[in-house]
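The lines below spell out each chain.
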Amino acid sequence: DQQVKQNSPSLSVQEGRISILNCDYTNSMFDYFLWYKKYPAEGPTFLISISSIKDKNEDGRFTVFLNKSAKHLSLHIVPSQPGDSAVYFCAAKASGAGSYQLTFGKGTKLSVIP
Amino acid sequence: IAGITQAPTSQILAAGRRMTLRCTQDMRHNAMYWYRQDLGLGLRLIHYSNTAGTTGKGEVPDGYSVSRANTDDFPLTLASAVPSQTSVYFCASSAGASYNSPLHFGNGTRLTVT
């Protein structure tokens, strides 16, 4: 059973507009969430994170929103740029001793059209 | 440049052969991980190591083994490769389990088992 779900395999957005990538999770023990960005032939790179004690975290053009009651988070990119075209992975983990492991979603491929 | 080095970059391997994927990090991170990425399945954890001298099984450990003799190296071995192990393999590390310890990934090894 998939614990982290990214139900949209792909998303196309016009340059300058907002990109919204969604992620749902089922494990109520998850309390820390991250977004990773991956370009072809490269490893994923950390983008932004949020703890369950917050409902929003912002870093420049990137904002992550967390709705704990709905077990849903989203990544907003405003304004979208062609360089943002990549695969975005949502990931989650549970705190506690030895809980180093991340559970990833399947990813959403974002294409920003110039 | 600090980071994670994976070798080889790509490999074609005959079924039944033994193969070791190498991973070295120079960030003195405690924890290291091996993930595989398959189309439509995202990133799945194979094995992990919380600290030198310890290892643990992830989501898909069968057919793989790891060792962590020191902090820097975390090789992944396929004792007898099968075609279903065709995938892109990513090694990652993190300083620890704290919220400020995102995973850092290498650029991956593309393995094809024929």
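The structure presented is a predicted model; accordingly, all values stated were derived computationally and were not measured. (Residues numbered from 1 in each chain as written. Chains lettered and ligands numbered in written order. Predicted model: local features only at pLDDT ≥ 70, side-chain atom pairs only at ≥ 80, totals over all residues. Heavy atoms only, no water.)

A. Examining a nonpolar patch on the surface more closely. Taken together, Ile18(A), Ile20(A) and Val78(A) make up a surface patch of nonpolar side chains, about 220 Å² in accessible area. Among the secondary structure elements, Ile18(A) is positioned in the loop between strand 2 (10–14) and strand 3 (19–25). (Patch = residues over 30% accessible without salt bridge, like charges linked within 9 Å, V, L, I, M, F, W, Y side chains within 5 Å. Areas by Shrake-Rupley, 256 points an atom, 1.4 Å probe, with all protein chains shown as cover. Salt bridge = Lys/Arg side-chain N within 4 Å of Asp/Glu carboxyl O. Helix = DSSP H or I, 4+ residues; strand = E, 2+ residues; numbered from the N terminus.)

B. A look at the sheet that holds strand 8 (residues 76–78) of chain B. Residue and element names in this part refer to chain B. One open sheet holds the four strands; their spatial order is 1-3-8-7, and the pairing between them is antiparallel. Sheet topology places strand 1 (4–7) and strand 7 (64–66) at the edges, where each strand pairs with a single neighbour. Each strand of the sheet is rotated relative to its neighbour by a mean of 20 degrees, with strand direction disregarded. Here four bridges tie strand 1 to strand 3 (residues 19–25), and the two strands are oriented antiparallel to one another. Within the sheet, the bridge partner assigned to Gln6 lies in strand 3 and is Cys23. (Pairing = 2+ DSSP bridges. Axes fitted to C-alpha atoms, helices over the stretch in contact; angles between N-to-C directions.)

C. View of the pairing of strand 6 (residues 56–59) of chain A. Residue and element names in this part refer to chain A. Looking at chain direction, strand 6 and strand 7 (residues 62–67) are connected through four bridges and run antiparallel. From the neighbouring strand, Lys56 faces strand 7, where its bridge partner is Phe65. A loop of two residues connects strand 6 with strand 7, the two strands running antiparallel in sequence, and Gly60 in this loop sits at a positive phi of about 65 degrees.

D. Structural view of the sheet that holds strand 7 of chain A. The strand order across the open sheet formed by five strands is 1-3-8-7-6 (chain A), and the pairing between neighbours is antiparallel. Among the strands making up the open sheet, the edge pair consists of strand 1 (4–5) and strand 6 of chain A.

E. Looking closely at the packing of aromatic side chains. Taken as a whole and assessed by the stated rule, the structure comprises 12 aromatic pairs over all chains. On the basis of an interplanar angle of 85 degrees and a centroid distance of 5.6 Å, the ring pair of Tyr36(A) and Phe105(B) is categorised as edge-to-face. Within this pair, whereas Tyr36(A) is found in strand 4 (residues 32–38), its partner Phe105(B) is found in strand 10 (residues 104–105), the two belonging to separate chains. Like Tyr36(A), the residue Phe105(B) is buried in the burial classification. Each ring, one from Phe104(A) and one from Tyr35(B), has its centre 5.2 Å from the other, and the planes form 85 degrees; the classification is edge-to-face. Taken together, the residues span two chains, with Phe104(A) in strand 10 (residues 103–104) and Tyr35(B) in strand 4 (residues 31–38). (Phe/Tyr/Trp six-rings, centres within 6.5 Å; stacked < 30°, edge-to-face > 60°. Buried < 20%, exposed > 50% of the residue type's maximum accessible area, 1.4 Å probe, protein only.)

F. How the structure looks around the layout of surface pockets. Its volume calculated, the largest pocket comes out at about 790 Å³. Lining of the largest pocket is provided by 32 residues; of these, Lys38(A), Val87(A), Gln37(B), Leu39(B) and Arg110(B) occupy positions nearest its centre. Only strand 9 (86–93) and strand 11 (108–113) of chain A together with strand 1, strand 4, strand 9 (87–94) and strand 11 (109–113) of chain B provide two or more residues apiece to the lining of the largest pocket. Considered class by class, the residues forming the lining of the largest pocket number 11 nonpolar, 15 polar and six charged. (1 Å grid on protein atoms, 1.4 Å probe; cavity = no way out; pocket = protein on both sides within 12 Å on 5 of 7 lines; lining within 4 Å. Points joined across faces, edges and corners; volume = space filled by probe spheres on them. Nonpolar A, V, L, I, M, F, W, Y, C, P; charged D, E, K, R; others polar.)

G. Structural detail: the state of the cysteines. Summed over all chains, the structure comprises two disulfides over all chains. A sulfur-sulfur distance of 2.0 Å marks the disulfide that ties Cys23(A) to Cys90(A). With the S-S dihedral at roughly -75 degrees, the linkage between Cys23(A) and Cys90(A) falls on the left-handed side. Pair noted here: Cys23(A) is in strand 3 and Cys90(A) is in strand 9, with a separation of 67 residues, a long-range link. On the accessibility criterion, Cys90(A) (1% relative accessible area) is buried. One disulfide bridge connects Cys23(B) with Cys91(B), the sulfur atoms lying 1.9 Å from each other. (Disulfide = S-S within 2.5 Å.)

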